[in-house]
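Topology and contacts: notes
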Amino acid sequence: MTFRTLKVEPATRENFALYGVLVGVDPAANSRTGEFYGDKVELWVPGGFVSDEQTRLSVARIHARPPQVIWMERHFKHTQTFLPLGGSSFVAVLGAPTDTNQPDPETVRAFYFDGSAGAQLHLGTWHEFPFPEKDRAEVVIIIRAETQANLEVIENDEAIGADLEKRNLQARLGFGFEYEL
């Protein structure tokens, strides 16, 4: 298989905006405080989470694997979210939403998350499951129940459902992606 190499860049609110929003404390943004706790509890709303049905909170331990992206997927009914546990750092390979049934290679980028913030993807953002920076990472995943079921229906090395398109990049584009830290 042929791969295009991506340079990993630190995820910032600005460079990540095409793909989603960072989920974490943002001192530059307005926070609010509650009536009961005054300034002892600050709240930020990083992005409008979307899910039109039963949503699941899962925890994943991601083990090291080759830094190669062979599949990318997207979701139409929820804003999938990855939140690091215990400061786990990870790399996310993402492509901007498209009007076609495959990612646009020109928008595919690799982002480094240092463990202090997570990622909430926009509807339709193409992505591969995160890669741990080191031997492993642990993340909380917020995903629709239907999407997990869609991943079980595999045809021609791809999966598809009402909230999922998981595409084989070799079959669709003739190449995959790899990244360098």
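Up top is the structure.
All of the points below concern the structure found in this document.

Reading the values: rules and limits
Residues numbered from 1 in each chain as written. Predicted model: local features only at pLDDT ≥ 70, side-chain atom pairs only at ≥ 80, totals over all residues. Heavy atoms only, no water. Phe/Tyr/Trp six-rings, centres within 6.5 Å; stacked < 30°, edge-to-face > 60°. Helix = DSSP H or I, 4+ residues; strand = E, 2+ residues; numbered from the N terminus. Buried < 20%, exposed > 50% of the residue type's maximum accessible area, 1.4 Å probe, protein only. Core = buried A, V, L, I, M, F, W, Y, C linked by side-chain atoms within 4.5 Å. Polar contact = N/O pair within 3.5 Å; in protein donor to acceptor, adjacent residues only side chain to side chain. Contact = heavy atoms within 4.5 Å.

**Brief notes about the packing of aromatic side chains**
For any pair of aromatic rings, the description consists of the separation of the ring centres together with the inter-plane angle of the planes. Under the defined criterion, the tally for this structure stands at eight aromatic pairs. Taking 5.7 Å as the distance between ring centres and 85 degrees as the angle between the ring planes, the aromatic pair formed by Phe82 and Phe129 counts as edge-to-face. Remark: Phe129 occurs in the loop between strand 12 (126–127) and strand 13 (131–132) and Phe82 occurs in strand 8 (residues 81–84); sequence separation between them is 47 residues. Its relative accessible area of 4% is what places Phe82 among the buried residues.

**Considering the nonpolar core**
Phe16, Leu94, Phe111 and Phe113 are the most contacted members of the largest nonpolar core, which totals 18 residues. Core analysis: the next-biggest nonpolar cluster, separate from the first, contains 15 residues, Val91, Trp126, Phe177 and Tyr179 among them.

**Thoughts on the side chain of Glu73**
In this structure, Glu73 sits in strand 7 (residues 71–74). The exposure class assigned to Glu73 is buried, which follows from its relative accessible area of 7%. A polar atom in the side chain of Glu73 sits 2.7 Å from the side chain of Lys166. Other than its neighbours up to four places away in sequence, Glu73 contacts Gln80, Thr125, Trp126, His127, Leu151, Leu164, Glu165 and Lys166.

On their own, these measurements won't tell you what the molecule is for.
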